[in-house]
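# Commentary on secondary and tertiary structure
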Amino acid sequence: QLETMPVIEQAKGILIAQTGCSPEEAFALLRQASQRSNVRVSELAAGIVDRAVTKGRSRPAQPSR
């Protein structure tokens with residue numbers, strides 16, 4: 001279980017940044033989605049982090065001012 005904590009915390013951070021929710025609300029969102037999709041919270045969190053990393057890589061570099 002300790003091995004999955006960092007990815008869950010990262011996913012919570014992403015949700016907080018995207019929605020403006022609290023850490024508790026972010027975990028509740030993860031837990032609810034996990035139950036709906038019958039996927040472990042850690043697996044769901046890993047998918048969120050992977051998509052955020054992939055999306056970040058695909059963005060073109062912003063010109064500096």
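Summarised in this report is the structure supplied together with it.

About the thresholds
- Residues numbered from 1 in each chain as written.
- Predicted model: local features only at pLDDT ≥ 70, side-chain atom pairs only at ≥ 80, totals over all residues.
- Heavy atoms only, no water.
- Axes fitted to C-alpha atoms, helices over the stretch in contact; angles between N-to-C directions.
- Helix = DSSP H or I, 4+ residues; strand = E, 2+ residues; numbered from the N terminus.
- Parallel < 35°, antiparallel > 145°, perpendicular 65-115°, else oblique.
- Contact = heavy atoms within 4.5 Å.
- Nonpolar A, V, L, I, M, F, W, Y, C, P; charged D, E, K, R; others polar.
- Core = buried A, V, L, I, M, F, W, Y, C linked by side-chain atoms within 4.5 Å.
- Buried < 20%, exposed > 50% of the residue type's maximum accessible area, 1.4 Å probe, protein only.

## Overview of the packing of helix 1 (residues 5–19) against helix 2 (residues 23–37)
It is at 9 Å that the axes of helix 1 and helix 2 come closest, and there the two elements cross at 110°. As the angle between them shows, helix 1 and helix 2 are arranged roughly perpendicular. Across the interface between the two elements, Ile8, Ala11, Lys12, Leu15 and Ile16 from helix 1 touch Pro23, Ala26, Phe27, Leu29 and Leu30 from helix 2. Each residue belonging to the contact of helix 1 with helix 2 can be placed in one class, and the counts come to nine nonpolar, no polar and one charged.

## Concerning the nonpolar core
Residues Val7, Ile8, Ala11, Leu30, Ala45, Ile48 and Val49 are the most contacted members of the largest nonpolar core, which totals 14 residues. Elements with a contribution of two residues or more to this core: helix 1, helix 2 and helix 3 (41–58). Those residues within four positions of leucine 30 in sequence are excluded, and the remaining contacts are Ile8, Ala11, Lys12, Leu15, Val41, Leu44 and Ile48.

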